[in-house]
Amino acid sequence: MLRKVPKLLKPNYRFSLRSSWKSTKTPDAFSKHGERETLEENLSPEVFKLLVETKTIYKNRLKLVEVTVHDRIQSYKKGYIEKAVLLNEETAAKIAQSIQIHSRGDRNTTFFDGEGGLCQIAAIVSKIGLFKEVCVLEKDMCLDSLHEYAKSKYLDPSVPVYDLNLTKVAVDGGYEKQRFVSPLLKYLPSGDVSEEVPASTIVTTASHGFVKYLISRMLHRDNPFGEFYSSRPEFFLIVTARTYFHLCCGINDAEPSHNKLTEEEMRIKNKLVPMNAQLSKVYNVIFQVYFDFCLVDVLPRKSYFPWKPHKRYAWNNAERLSNTRGVDKLYEENHNRLMLMYVRPKRPKDLEMIGNPAYFEYFLTRILQRKTRRIVGVFEEWSSGWGLLIVEAGFTIFDEVRDLDLEDLLQLFHLLKNIPNFEQSNFVAEANMAFKANHETEDIDELLVDKFRINLWRKISKGADSNENISKKV
């Protein structure tokens, strides 16, 4: 059972949020003034005063800017849609309850609250007593006054708060590629790639870009600088409806599972979702193959501040004129909901059939490039006569890429790998070139690598407890 913690928010809100807006006029609740009124009505006077009167300093280019904590949070409106602060204890309790139900962690697991801010999730999870240690990852240390308030009221003062923005980690990883040493490694306890009990549990609001980063690191988990090289952590990711439907590669009823599912039950449930050609992007399909996942709860977006109205965009950031084109209408209808997903990497034994991940990634990149192409034609482009093998396997010359489901894609890749002299084919040469272009960089920061190795050695030689957290900076 969850223990009670001091109430920070009242359950009711003055403004109701509609799922969509026909006009371009922004509702009052989304204005700075309207949102401040909402906070004043629902927050305790003490917390509201903390937000509007406490000053913080941040760097804007070369200038140091002093603003209130409230104004700092309001500046997030210009950022990515998931950049927000949880200020609702009721929602924090819902998240903590889902973690208690669905987590595979125990007293050997370190828990990371990636929401930071008022540290409400960390406080509730600490009182549950499920994990060995509780830590907070803060994306914006300008909110340190909120941490201090939490520790003075309801959060164990010994809980460490680390300066770590997971979205920035994903961006930096995209630039540095395979040589990137994630700062998250300094805090993650070591484990095993096949562990049943996770060495770490992480809850965080996640952009689609951050999920793609996890997918890339998982795809190439043999990289010793990756988060999945020596562990199999579990994640509770809070994502938008758009990100959720993309990761499902299709549209489902978004009905959460309130009871813990086994890995096999997750896979069976996910297979029931019909693939949507528009959502079947390369990394979405890889996510389906490499991770077990399920929806565990649906959260109100209005618990996160600042509030951001839905915007519909097309290619090149040109706003769409149509109200019905694509799946935009679905995203708009679900704009006020955030999806809490349980996500965990599969074990190596579950992925043995994939073999070389560079081949699998390139195969999906090529075959999903244009959904109206015929499968036989795609294989014939790689080598004359390969199309006949596809027909012999049961496909027809009229089958198109958009007709395939996940099992079909895996079957085709398995057929491809087992073609005689496959390693000497044009496909392999193209795949290796694509890997070098997309994941390797010519210049290696040897000093950074050496520092990481020294830090890693210190961590290993610290003692018999391999899960001990060594937080010295690289």
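A short tour of the structure in this document, coming up. Model, not experiment: these values are computed from the prediction.

## With respect to the pattern of salt bridges
The final tally for this structure, using the stated rule, is 16 salt bridges. The salt bridge involving Asp 140 is made with Arg 72; its shortest N-O contact spans 2.8 Å. Residue Asp 140 is found in the loop between strand 5 (133-138) and helix 6 (144-153), and its partner Arg 72 is found in helix 3 (residues 69-74); the two are separated by 68 residues along the sequence. When sorted by exposure, Asp 140 lands in the same class as Arg 72, which is buried. Two residues, Arg 267 and Asp 350, come together in a salt bridge whose shortest N-O distance is 3.3 Å. Here Asp 350 lies in the loop between strand 11 (337-345) and helix 13 (357-367) and Arg 267 lies in helix 10 (residues 263-271), a separation of 83 residues in the sequence. Here the salt bridges share partners, and the residues they tie into one network are Glu 196, Arg 232, Glu 263 and Arg 347.

## Describing the packing of aromatic side chains
Each pair of aromatic rings is reported with the distance of its centres and the angle of its planes. By the definition in use, this model includes 23 aromatic pairs. A centroid spacing of 5.1 Å and a plane angle of 25° characterise the contact between Phe 305 and Trp 307, whose relative ring orientation is stacked. Summarising the burial analysis for this pair, Phe 305 and Trp 307 share the class buried. Judged by centre distance (5.6 Å) and plane angle (35°), the ring pair of Phe 422 and Phe 427 falls under tilted. In terms of burial, Phe 422 and Phe 427 fall into one category: buried. Over the ring of Tyr 58 we find Arg 72; its NZ or CZ atom is 4.3 Å from the centre of that ring.

## Quick notes on the environment of Glu 440
Residue position: Glu 440 is located in the loop between helix 17 (426-439) and helix 18 (446-460). Classification of Glu 440 by relative accessible area gives partly exposed; the value is 39%. On a C-alpha basis, the gap between Glu 440 and Arg 179 in space is 7.6 Å, while along the polypeptide they are 261 residues apart. Here Glu 440 is in contact with Lys 177 and Phe 435, once residues within four sequence places are set aside.

## Quick look at the side chain of Thr 204
Tracing the backbone through its elements, the reader meets Thr 204 in strand 7 (residues 200-205). Sequence-distant contacts of Thr 204, defined by excluding residues within four places in its chain, comprise Gly 114, Glu 115, Leu 166, Phe 210, Phe 236, Leu 237 and Ile 238.

## Some thoughts on a nonpolar patch on the surface
A cluster of nonpolar side chains, contributed by Leu 388, Val 391, Ile 397 and Phe 398, occupies part of the molecular surface with about 380 Å² of accessible area. Mapped onto the secondary structure, Ile 397 falls in the loop between helix 15 (386-392) and helix 16 (406-417).

The rules behind each value
Residues numbered from 1 in each chain as written. Predicted model: local features only at pLDDT ≥ 70, side-chain atom pairs only at ≥ 80, totals over all residues. Heavy atoms only, no water. Salt bridge = Lys/Arg side-chain N within 4 Å of Asp/Glu carboxyl O. Helix = DSSP H or I, 4+ residues; strand = E, 2+ residues; numbered from the N terminus. Buried < 20%, exposed > 50% of the residue type's maximum accessible area, 1.4 Å probe, protein only. Phe/Tyr/Trp six-rings, centres within 6.5 Å; stacked < 30°, edge-to-face > 60°. Lys NZ or Arg CZ within 6 Å of the ring centre and 35° of its normal. Contact = heavy atoms within 4.5 Å. Patch = residues over 30% accessible without salt bridge, like charges linked within 9 Å, V, L, I, M, F, W, Y side chains within 5 Å. Areas by Shrake-Rupley, 256 points an atom, 1.4 Å probe, with all protein chains shown as cover.

In short, shape yes, function no, at least from these values alone.
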